[in-house]
Structures are given as C-alpha cells and as structure tokens.
Number of protein chains: 4
Amino acid sequence: MNFSSDTSAPAHPLIMEAVAAANRGMAASYGADAWCEAARAAIAAVFETDVEVWLTASGTAANALALSVICPPTGAVLCHEQAHVERDERGAPEFFTGGAKLQLLSGAHGKIDPAALAGRLASDRPGSVHQVPAAALSLSNLTESGAAYSPAEMRVLTDAAKAGGLLVHLDGARFANAVAGTGASPAELTWKSGVDVLSFGATKNGALGVEAIILFGEARQRIGELRERAKRGGHMPPKMRYLGAQLTAYLADGLWLDLAAHANATAAKLAEVLVSEGAAQLAAPVDGNEIFAVLPAETLRRLQQAGALFAPWEGGVHRFVASWATRAEDVDALRACLGARRD
Amino acid sequence: MNFSSDTSAPAHPLIMEAVAAANRGMAASYGADAWCEAARAAIAAVFETDVEVWLTASGTAANALALSVICPPTGAVLCHEQAHVERDERGAPEFFTGGAKLQLLSGAHGKIDPAALAGRLASDRPGSVHQVPAAALSLSNLTESGAAYSPAEMRVLTDAAKAGGLLVHLDGARFANAVAGTGASPAELTWKSGVDVLSFGATKNGALGVEAIILFGEARQRIGELRERAKRGGHMPPKMRYLGAQLTAYLADGLWLDLAAHANATAAKLAEVLVSEGAAQLAAPVDGNEIFAVLPAETLRRLQQAGALFAPWEGGVHRFVASWATRAEDVDALRACLGARRD
Amino acid sequence: MNFSSDTSAPAHPLIMEAVAAANRGMAASYGADAWCEAARAAIAAVFETDVEVWLTASGTAANALALSVICPPTGAVLCHEQAHVERDERGAPEFFTGGAKLQLLSGAHGKIDPAALAGRLASDRPGSVHQVPAAALSLSNLTESGAAYSPAEMRVLTDAAKAGGLLVHLDGARFANAVAGTGASPAELTWKSGVDVLSFGATKNGALGVEAIILFGEARQRIGELRERAKRGGHMPPKMRYLGAQLTAYLADGLWLDLAAHANATAAKLAEVLVSEGAAQLAAPVDGNEIFAVLPAETLRRLQQAGALFAPWEGGVHRFVASWATRAEDVDALRACLGARRD
Amino acid sequence: MNFSSDTSAPAHPLIMEAVAAANRGMAASYGADAWCEAARAAIAAVFETDVEVWLTASGTAANALALSVICPPTGAVLCHEQAHVERDERGAPEFFTGGAKLQLLSGAHGKIDPAALAGRLASDRPGSVHQVPAAALSLSNLTESGAAYSPAEMRVLTDAAKAGGLLVHLDGARFANAVAGTGASPAELTWKSGVDVLSFGATKNGALGVEAIILFGEARQRIGELRERAKRGGHMPPKMRYLGAQLTAYLADGLWLDLAAHANATAAKLAEVLVSEGAAQLAAPVDGNEIFAVLPAETLRRLQQAGALFAPWEGGVHRFVASWATRAEDVDALRACLGARRD
C-alpha cells in the first residue's frame, strides 16, 4: 500500500523497452537524433497543431525554463499560492528568469479565483517602473489539490491574462490525468484555451524521466532562446535519444491516456473506500489521480499500523496518490485495513 | 567510420541492463533510493576515501553546479582558454555561480602553463574590491586537446592554487580515459593531487547519461548547498534510481576502466594509422581516446568521400574520437581508406 | 500644499553647506576619505556601539544590498505584504540576492502579525531541499502605513526570527521619524531589538541623497562581502566624500532628529485638521510623518480644486506626507481649504 | 603633486553652484524634474541628435546598465583585455546582464586590433547553442592606456561589429578628454561612428558624481528597459534633480570641454617634463589627460621622496593623471623635483 507519490512508481515496461530499443548504433547528439524528432512529431499529432518542443529530464527544469522565455527578470509570474513552482522548486523560477517575482493568488482547490486575478491585474500601473508588472500567468492542471480545470474555467483566466498582455504557462506535471479526467482534448486544454507554453509531464505517469516543454502559436518563435537557456542550464545532455524514445513510446497508441485513466479510476476507487467506510472526508474533488482527505485519528492509526504510505499535507490533510502501477490489490488492502474498523 | 564523438555512442549493454533491472517496484524519490546509495558507496570505494556525491544527467550541469559551490558571484574561476566550461557550455558557469568570471590561461595541449597560473595569481591585490579575485581553479583531464595530466603535473598547479587560497575543480568528462591513459589511480588523479570537486563523467564512456559531482575532503561540507543548487537548477529529478543504477553498473567490476582502455587503445591504433600512412600530423599527444590532427587536403578528401565522420576543430585541426563502442572494423576501414592513397 | 512625498523636498541648508564645504582639494576615492570616516564615527556614536557602514545614494540599493549579505539565493526573506522591498523596488532584492524569494506576511498597519510569522516559521521543514527556507526577516520602521514599531513590538518578531536562525533587516527609510515618534533610542530600535542590518535613510529627511547600510554585532563581519557587492552593483562611486559629508552633517548636533520631530509634529497637525474638520477618517495611526486617510468625495474635490498634492493609495485611501520642509503655512492652507466646507 | 587620479579631484565650482541652486522648493522625484529634463535637452544639443538618457551617479553602473540592455545573459560582450568593464568593476557587467560573458581582445594602447576582432567574429557558428555568441562590442575612449580612438579607427571596428549583428557600447568615462584630444565632435565620436550606447562620464572631469547613459538611434527604444533595470539596480534615487543639475552645468557654455582641454594640456606638459628631463619613457601616446610611463629607479625615488602621488600600473609602468583641477604649480613642482637630478 504505497500511495506516497506517482514519482515513486517505476517506468512502464513499454517505455523501458523503447529506451532499450534506442540503444543501438551511433546517433547525433544534443537532440538532433531520430527519437527526439519522432517525439516532436508525436506531440504535434496529439496536440493537433504545429509546435516547438524541448525535452528535459526534470519537471522543475521544464517549468523554470518555460517561464524563463515568457517572463523577463523585471516582471512577475502570477500563480496560485499552492503552485508547485512556488512551493516545491527551491526558487528555480527565480533562478532561471534571473530574478522575476512569483506573485500569489488564492482560490479553492488550487484553482485561481478569477476575481483574485482581476484584482491583481487591475493593480498594475502602466509605465510605472517601481512595481513589478505581471508578465505571465502560470496555471497547473491537475492543480496542486488534485482538481482539474475545464477548458471553460481556464478560458476565464487566460482571457483576462491575455487582455492584460500576459503570456500563459501551464504546469502539466499531471496533464495526462487532467485530460483523462475532464474528457477534453489535449488541444482544448492547452492552446485552444489560451496556453502559450506547456510543461508536459510524463515522469509521473510511466516514464523513467522526461518532460516536454511545448511552445504553441506565436510562442514557437521562442524556441531558439529556449534551447540556449536549456543548454546554459545543463538541460541539453548529449544522448537525448533516450528522452526522445521515452516520449515517443509514451504517446504511441494512446499509452499515456490508458495509464492516466487507470490511475484516475484507481484513485476514484480509493476515494470511495476512504469515504464509504466513513474513514475520511475529502478535502478537494478527486478529478485525477490524487486524493486529499482529512483523516480521523483512528483511520490514521490503522493506516500507519498497516504500513500504508501516504503523505501528510498541510492543515491536517493527507494526500494519497494512485499511479499507473497501483494495483487492484492495493485498493483491496486499503479496504481491508479500514473495513475492519466496523467489525 | 563514425569518429565524430564519444557522445554519439550508445550505452553499454551492462549499463542498460542495470537500468532495466532498477525498473521494479516503488522507490524513494529525489536520490533517496537504494541505487543512488549504492552508487555513492561504489564511488567511495573507487576513490578510496569518504566522499559526498550528487548525480546529474548532464556534464554541463555537473561542471556548473560544482563551480557554483566553490566560487562566489564576485570571484573568478581560472581555467584553460580551451576549457569546455569556457567554450562549450553557453555560459552555464556564469549562470550557476550568479555571474562569476572565467579567466583564461594558456598552455600547450590544453594544460595550463604553471607560469601563466603564477602570473595570474600574483596579480590579485588582497583586499581590492575593484578586481575580481581568483577563487577557484578548474582543470580538465583529459584536456580539451586530448592530453592527460599526470598527478605530478596537476600537483604543480594545485599547489599554487591552494597557496593562493583557491579551491580546485576537475572536469573529468573523460576521467576514465585519463586514468586508463596515465595508469595513475583515481585517488592520485584527484584528492591526492589537490582536487576538491570532481565532475566525474560516465556518459561519454558507456552510460546513457550520468555524471557524478564528487566532493572530497573539507569540500564535503558543501553537499547541502550543492543539493539545494541542484534542486533549484532542475537537477534533482524524481526517479533518480535510473541514474544511480547506471553509475553503479559503470563502476562494477572495473567496467569503466575496461571501456576506457578499449577506447584509448583504439585511438592509439587510429593515430598510428593516420600517422604511419603519412596522411596526417598529430597536433597533440594522444593520451586518451581523442586524436587531434592536421589533415592534408588529399586525406580530407578521401575521408569525406568515404563518409567518415569526424569534427573540424580550430586552426585546420580535426578531431577523431574513439569510444567504448568503436570497433576494430572501424580502424580497418580507416586504414583501407587512407592506405589506398599510396597505390 | 504639496504633501505628495518627503522625497520631493529639497535638502536642508546645513547638509547642502556640508557638501559644498567638502568640495575642496584632492581626496581619496571610493569611500576612503575623511568625510566617510567621519560619517562612520558619527553613526557609531549615535547607535552607541561598534558598527560597520557602507553609504549609498539610494534607498532601494541600501535595502537590496543589505538583504544580499544576509539571504542566500536559495533562501527567503520574510516581509510584510506592503513592504517597500516587495512593492516598490522593481525586484531589486531578487536581483541583488541572486533570486531569493520574498515571502509575504500580513498584519495591521504594516506591522507583521506575530502569529503570521510564527505560522510561516513553523512551516519550514529542516533539511528539505524542495521548499525555500526562511533566511531573513525584513521589518520597516516606520511601516509602509506610517505606523511605528516600539522596541517591544520588534522584539517579539525578532526573537521568533532568531529562534528560527534568521537574520534581521530593518528598512529605516524613515527611521528618524520612528525614533522621534517612539522616543526610543536608535540603539533600542535596532541592535538592542535584534536588528542585524539597518538601511538608515537620510534622503527623505533632509539629505540630497544618502542612505547608510549599518551592520551590527556579528553581522559586522559581512562588511567585506557588502563592499564587494556594492562595487559590483555600481554603488561605490569614486567621489564618496559628498555622501560622507551629507551623513555627517545629518547627524551633527541632532539635526536629523530635529528635522524628523518637525515633520512628525506637522503631520500630527495635518491629521488633526483632516479629522477635526470631519473631512477624513484615518486609516492608520499617525506615528510619524505620514497620514493615511479615507477622504469623502467632497473633501477630495476641495483638495484637488485647491491644487493640493497628495498620493492616491490603495483601497480608497490617500497618503499625505509632511517633510522637514513642510511649513506651518501649508497646514494653514489645508485648514482653510477644508474649513470652508462648513460655511 | 597629486597625480593619482582625476577621481580624487573636487567638483568644479560652477557645478557645485548648480547643485546648490537646484536646492529650492519641491520637485518631482525619480528623474521627472526640470533639471533632468534640462540635462536631456543639453545632451541632445551637444550630440546633435535625438537621444534617450538615464543619469547615474556611478560609472560602473552606467557601463553595466548600458551593457545589460544590449547583451542578453546568453551572449558575449567583446572588449579590450584591459577594459575597465573587465578589470575594475568587480564583475558588474556579469551581474547586470545576468551572466553574460566578457570576451577579451588584444591591441596596442588599449585599442582593439581589428584583426583580433575579425578573428573572434569569424569564430561564431550561427545557430550553435554551445558557444556564447558575440552580442555587443564595448570600446573605451579614452582607452585604458590613455590613447584616443579617432572616428576612423572606431569605424573600422564598429563596421565589423555591425556586420556581425552586434550593438556597440562606448565607455566614455573620459569622453570629454577624447573629444578635446581628437578635435572630433561628440557626434563624430559616437553615433556617427556606429555607437549605439554611450556611458558619458562627467565625474572625472569636474562633477560631484554623474554619468549619463545615452541611447542613440534605434537603441533609443530600449529606454523603457533601461529605466526598469536602473530602478531594479538601485540607480533611480528619488532626488535626481541634483544629478540633472550637475550635468546641465557641465555642458553649459562648453564648460566640459574647457575643463578637458585644461587637463589634456596639463598632461601634455607633465609628459614633456617627464620625458625631456630624461626621467621617464612613455609607454603609450598621451592623447588625453593620462600619462603611462616607465620610470627609472632614480626617478621613482625622487618622486616618492617628494611625496608625489601617482599610481603603479602593471609591467613596471606608472600612471600620472591630470584633472581639471591640476595646477601649473603641480607641473612646476614636478619639474623641480626631477630637474634637480641633473644638478
């Protein structure tokens, strides 16, 4: 019963096989290989548009590099107060942007409240050099509370951002889960909803470690600067074929959505068990593969006694994560552990 | 006949197998897994001393992170004018250090001339805030001309550096080739010769992509800052088990030295072919797996016609690299290509 | 009736005379002159302790440089959400620290709520590399709402900060007004209350432009790094004698406190006029030389008609500032303007 | 006999008077005052073209800010190996640009050798992300050896730079001396010779402390970014009227050129004394107000015995500087001191 994080799961066998299959012969370095090319083509197909792409082995790098090409050192990135870029990346956005400011907005379940965004945008005084003006909006889908933005919800925020001249970044560390959860298409959840740059995660959903920075529309013109900053940040390793191979396999035949659908369905079952047994109360909607729940002391005791792994969150909440690798047995074990309480 | 770079080679099967073998079950994230632990232990054994270690997937990142913990933003790193950190990393050292200066020294075959180092050190005026004082010395072994420093040669430079209060970094992207070439031990070529921080490369010598930043002696105390900077730089991916597994397999049973010995021996044969056929003149000693040679027009024509891949260098010099994967057939093909000229 | 800002006022004649008097003969450059030496001695006397000092011509520079020697790039500065360092310095703290994060705390009248500070400090997980840990606390006295911290109020915050290992910075752009307002001594409002580094402003209180960064206690050891960073930031102009002369004159014979007392008393009278005429409601206590008030439409109309200058603040509040140069006639003019409303 | 530096001289009385005259009444802050406006107008008139201007109190700040708007963090500034930006600014260019690289070129008397520039430009490989490409050329006039570029000499370099897509910065810390020395007009020595951004110094030539960053031609569009970076760097002090007043007085009625002409003429006389007495050998042409000379031991002894102040330079060379304030008596004293040697 390890529900600690989807980052603790191994890679899916098909992705590992693709890495092994890429391990033959000489190949061009630094992203000029056939596997990276195939990955770019697969991404364009999945997102139904022309894109520019850079692959990294780290989600923090993907986010920080993405932000660094849409926000100058003298500007601000607006994000949710719980955003991963704010809370869990040790200041990587500040480092890669050269000292831009992250300004925090509130809202339920990790979604930015449109009124909070409007208020912040209204406070910018054009031409003032004293204040740090908003230059970018960063959303997360899934949010840090496990909720999913619908395209319509995103549009409200991105329309406001674009009216203010901002560019829009989407942290899609669990983008597959958002797609699987909302039923919206990758295009609908990104460029059709105003996203300029996407951090497209695969690591949490079955890869060894690969994330794609995807530039849409006019933002594609920033690919040159992105590659320069990637190199400068140590995110242009020589043998990129292994990154390209992972992402290509991830997208082939809908594997990525199958894995996400499995994780989401498993999370839904876990949530049902937790709630139906009266053992916990959900603190946020379970739109993807994460459950945030308040656990009574007795539940906590039982889970710990059974050696279940899950993460303490803030405010008495705990997080349970289902991954592509979480099995039906894990759900059963949880049910058995909690069900015993009524006997 | 692909002699373009050792970065174009695939990974060695044993290392790929280790990655596949690591792909089972749940594992702790961010370097707290058993494979990273094993890698650290293997490194300590190979270098015969206590060490602190951080693994990265990129040599540029390894170098820049290493320098960032031994040189403040207001200091200078002294390095050879051909050093990779100066020429080929798009300003990564400046980025990671927060704007430290790289100051360039000359010397034959990529080795810093001790007199040049002494002159530079003598020019620092203690207490002056106007000039950027030297804070670190960065050496490369192999050098960027393919030569190898002996421990004695290193000691002359590191003694001077330490007398001036500098810390010493070694870019060991091809450290295995230097060990195999000099016959000196890993310890003799690092901490016993005054090295505080080593970028220990494996990617060019058979890994998919892993480099270890190794802190020796008192520099070990900087591991906390190193980990913070790694995280901040996007160099703390969640599933680090795949990095740990690579490095562990790389060091197991002397694989790394066998691979380097093969590459060095192959390079020696290649050099012999180039020279004995009168087809080229060596521009630097072939101490490892790289050959820098001046090619007459006829030689160049024949090689290009035969589709041989190698890299134009500066000053009319070309570079040929042998890797762990370069085969005897490649040498034979080169001989056939060039030998035909005399018929 | 110009109550727009104390930065709009000219310099006091005695300070200008001192600058003119310093304009004779050759003098050592870069702060090694007799006037800077005298300024340092005067500061030590006023603060009743050994200090290290660097003079700048800008308050933003003083704050940012001060923070850069007490907060690493990977750390956070805790400050009030209205703090000048957060709102009005275009990201200077992020620039000078190399990308440290400013984390915002709430509290009435620009004073940090001790509970908010405690909550933030409690959230740091020792050893975590993912989160940005608090490294420094920055207070402002006067606060950005014109209120003054008493030594006891400061102590509650600085004790908590120091228990958490933080260093403490005080933005004293209007420190003179805080001293004059509270009646506490300079020492009591700084190092005796846990302040490690003070930005000691003189510009708003009668100088042409000079602020002193003052290091107390063990923080004095950071003077070397401070000077290096000042030079690197362009804050070591050659003819520093003119800065030294200003600050020496500012502190001579209690001029600085006389000027602040005048400004504070004038502000008190202005506030009395505004309130007693029923024309406005105070939004914050008037502890120094600033008044924050809610103005009814009629009041606003009259003031604007009379050509009075004052600044719109947020939330319908307006700010009036009295300086050393605000005259009794200005108060009378305001009274006349508003008093007429009842006729 | 103080020939140590023109930075040790006081301000010219007319400039001090202008500062005192500006000290009346309330004035807008942050550069929006009438004095700064007058300075901008005076600069446009002197340079015979439309310009954008920002004033700073420090030459290091002027240079670093100027470079920060013409060179990205991922680019290189080409400059002479003796350039002040390289040698004497503690890495300020690296700090303000966010880590750009200074790449050094050689040439006699501080002038860049056109062949060295051509060689460097030829080495850039378009599209390569590994190397740091040249983005800007920085010249100094006077050079760091006291020589003056003619417009024709500048043009050779700036034409090559512009053909390579570079923008051109001129460090004019002693620009007045270059104008006075060459007889060329300010326009001819700047925008007519390909300069995009000028650091126009006044401090060394009679101001208390003011330098203007002047943007010419299309570079004028960068004024917004320049102001943002100035604010962020602490170079937007509130009471900028005192900077504006200095510069306005400096340019009024040709004062700046009169002062430079005096300094240059005095330097010429000093050089004549040094040489004619056989006491020294010039190491560089005396085109402005600086003399670089090799001093025999006897000369050195006499000068030191007489308490003369001058600066040791590198390679056994010493520097003597004449300023606007150096008097005929100082020259006479030098002559007396050295002349006695023949008796």
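Computed from a predicted structure; not experimentally measured. (Residues numbered from 1 in each chain as written. Chains lettered and ligands numbered in written order. Predicted model: local features only at pLDDT ≥ 70, side-chain atom pairs only at ≥ 80, totals over all residues. Heavy atoms only, no water.)

**Q** What is the right way to look at the overall build of chain A in this model?
**A** What chain A contains, in helices and strands, is 13 helices and eleven strands. Along the first, second and third principal axes, the C-alpha set of chain A runs to 65 × 55 × 30 Å. Taking contacts inside chain A between residues at least 6 apart in sequence as the whole, the part at least 24 apart equals 75%. Positive and negative side-chain charges of chain A, numbering 29 and 36 respectively, have mean locations separated by a distance of 4 Å. (Helix = DSSP H or I, 4+ residues; strand = E, 2+ residues; numbered from the N terminus. Contact = heavy atoms within 4.5 Å. Lys, Arg positive; Asp, Glu negative; His and termini not counted. Charge placed at Lys NZ, Arg CZ, Asp CG, Glu CD.)

**Q** Would you take a moment to explain the sheet that holds strand β10 (residues 311–312) of chain C for this structure?
**A** Each strand in a sheet pairs with its neighbour through backbone hydrogen bonds, running either in the same direction (parallel) or in the opposite one (antiparallel). Residue and element names in this part refer to chain C. Sheet architecture is open: four strands sit in the order β8-β9-β11-β10, paired in antiparallel fashion. The open sheet terminates on both sides in strands that have one partner only, identified here as β8 (281–282) and β10. Of the pairings in the sheet, the one linking β8 to strand β9 (residues 290–294) comprises two bridges and is antiparallel in character. Each residue of the ladder has a partner; that of glutamine 281, found in β9, is valine 294. (Pairing = 2+ DSSP bridges.)

**Q** Looking at this structure, how should I read the packing of helix α1 (residues 13–21) of chain D against helix α10 (residues 241–251) of chain D?
**A** Each pair of packed helices gets described by two things: the angle between the helix axes and the distance between those axes. All names here are of chain D. Here α1 crosses α10 at 145°, and the two axes come no closer than 8 Å. Crossing handedness for the pair α1 and α10: right-handed. Facing α1, whose interface residues are Leu14, Ile15, Ala18 and Val19, α10 presents Tyr242, Ala245, Gln246, Ala249 and Tyr250. The residue inventory of the contact of α1 with α10, partitioned by class, reads eight nonpolar, one polar and no charged. (Axes fitted to C-alpha atoms, helices over the stretch in contact; angles between N-to-C directions. Left-handed = near helix turned anticlockwise from the far one by under 90°. Nonpolar A, V, L, I, M, F, W, Y, C, P; charged D, E, K, R; others polar.)

**Q** Sorry if this is basic, but what is going on with the environment of D:Ile112 here?
**A** Residue and element names in this part refer to chain D. With respect to the secondary-structure elements, isoleucine 112 resides in the loop between β3 (101–105) and α6 (114–122). A sequence separation of 29 residues divides isoleucine 112 from alanine 83, and the C-alpha atoms of the two residues are 9.9 Å apart. The residues touching isoleucine 112, leaving out its near neighbours within four places in the chain, are Cys79, His80, Leu105, Ser106, Leu117, Leu137, Ser138, Leu139, Tyr149 and Leu157.

**Q** Any chance you could explain the interface of chain A and chain B here in plain terms?
**A** Where the parts come together, the accessible area they lose is often given as the size of the interface. Listed per partner, the contact involves 44 residues of chain A and 44 residues of chain B. Buried area between chain A and chain B, summed over both chains or domains, comes out near 3,800 Å², and the portion from carbon and sulfur atoms is 57%. Area buried by chain A at its contact with chain B is led by A:Phe95, A:Arg232 and A:Lys239, which between them contribute 20% of it. If you look at where chain A meets chain B, you find two salt bridges. Residue A:Glu228 pairs with B:Arg90 through a salt bridge whose shortest N-O separation is 3.4 Å. For the interface between chain A and chain B, the tally reads 35 residue pairs in polar contact (both at pLDDT 80 or more). (Buried area = accessible area lost by both parts, 1.4 Å probe. Salt bridge = Lys/Arg side-chain N within 4 Å of Asp/Glu carboxyl O. Polar contact = N/O pair within 3.5 Å; in protein donor to acceptor, adjacent residues only side chain to side chain.)

**Q** Teacher, can you tell me more about the pairing of strand β7 (residues 211–216) of chain B here?
**A** Moving residue by residue along a regular strand, the side chains alternate between the two faces of the sheet. Residue and element names in this part refer to chain B. Burial of β7 is extensive: six of the six residues sit out of reach of the surface. Side chains Glu211, Ile213 and Leu215 project from β7 onto one buried face, and the interleaved Ala212, Ile214 and Phe216 project onto a second face that is buried too. As paired strands, strand β1 (residues 51–56) and β7 are joined by six bridges and run antiparallel to one another. Across the sheet, residue threonine 56 finds its bridge partner in β7, namely glutamate 211. Judged from the five bridges that link them, strand β6 (residues 197–201) and β7 form a sheet pairing that is antiparallel. If you follow leucine 198 over to β7, its bridge partner there is isoleucine 214. (Buried < 20%, exposed > 50% of the residue type's maximum accessible area, 1.4 Å probe, protein only.)

**Q** Please clarify how the domain arrangement of chain A should be interpreted in this entry.
**A** Residue and element names in this part refer to chain A. In terms of domain boundaries, chain A breaks down into domain 1 (12–254) and domain 2 (255–342). Here the C-alpha centroids of domain 1 and domain 2 sit 28 Å apart. The interface of domain 1 with domain 2 comprises 32 residues on the first partner and 21 residues on the second. Both faces considered, domain 1 and domain 2 share a buried interface measuring about 2,000 Å² in area, 56% of it formed by carbon and sulfur atoms. Linking domain 1 with domain 2 are two salt bridges. Put simply, domain 1 and domain 2 have twelve residue pairs in polar contact (both at pLDDT 80 or more) between them. Looking at the side of domain 1 that touches domain 2, the elements that each hand over two or more residues are α1 (13–21), α8 (175–182) and α10 (241–251). (Domains from an automatic or database assignment.)

**Q** Which parts of the structure should I look at to understand the relation of the copies chain B and chain D?
**A** What connects the two chain copies is a rotation about an axis and a shift along it. Once chain B is rotated about the relating axis by 180° and shifted along it by 0.0 Å, it coincides with chain D to within an RMSD of 0.0 Å. This pairing of chains is accounted for by a two-fold axis. Across chain B, the smallest distance between a C-alpha and the rotation axis is recorded for B:Gly99, namely 2.2 Å. Comparing interface residues between copies, 100% of those in chain B also sit at the interface in chain D, which points to an isologous, same-surface contact. (Least-squares fit on C-alpha atoms with pLDDT ≥ 70 in both.)

**Q** What should I look at first to understand empty space enclosed by the protein in this one?
**A** Using a probe with the size of a water molecule, rolled over the atoms, empty space left in the structure can be pinpointed. Under the defined criterion, the tally for this structure stands at nine cavities of 30 Å³ or more. The calculated volume of the largest cavity comes to roughly 410 Å³. Every residue lining the largest cavity is counted, 29 residues in all, and those nearest its centre are A:Ala57, A:Leu243, B:Ala57, B:Gly209 and B:Leu243. Elements with a minimum of two residues in the lining of the largest cavity: α10 of chain A together with β1 and α10 (241–251) of chain B. Its residues assigned to classes, the lining of the largest cavity shows 15 nonpolar, twelve polar and two charged. Counting residues per element, the ones that place at least two in the lining of the second largest cavity are α10 (241–251) of chain C together with α10 of chain D. (1 Å grid on protein atoms, 1.4 Å probe; cavity = no way out; pocket = protein on both sides within 12 Å on 5 of 7 lines; lining within 4 Å. Points joined across faces, edges and corners; volume = space filled by probe spheres on them.)

**Q** Just checking my understanding: could you explain the relation of the copies chain A and chain B for this structure?
**A** The two copies are related by a screw motion: chain A maps onto chain B through a turn of 180° and a shift of 0.0 Å along the axis, at an RMSD of 0.0 Å. Of the interface residues in chain A, 100% have counterparts in chain B that sit at the interface too, so the contact is made through matching surfaces.

**Q** Help me understand the pattern of salt bridges in this model?
**A** Side chains that differ in sign of charge can pair as their charged atoms come close. Under the counting rule described, the total for this entry stands at 76 salt bridges over all chains. Between A:Arg319 and A:Glu290 there is a salt bridge, with its nearest N and O atoms 3.2 Å apart. Of this pair, A:Arg319 sits in strand β11 (residues 317–321) while A:Glu290 sits in strand β9 (residues 290–294), and the two are 29 residues apart along the sequence. You'll find A:Arg319 and A:Glu290 in the same group, each marked buried. The salt bridge involving B:Arg327 is made with B:Asp330; its shortest N-O contact spans 3.2 Å. On the basis of relative accessibility, which here comes to 44%, the residue B:Arg327 falls in the partly exposed class. Relative accessible area serves as the criterion here: at 8%, B:Asp330 is assigned to the buried category. Three or more residues joined by partner-sharing salt bridges are found here, namely A:Asp6, A:Arg174, A:Glu290 and A:Arg319.

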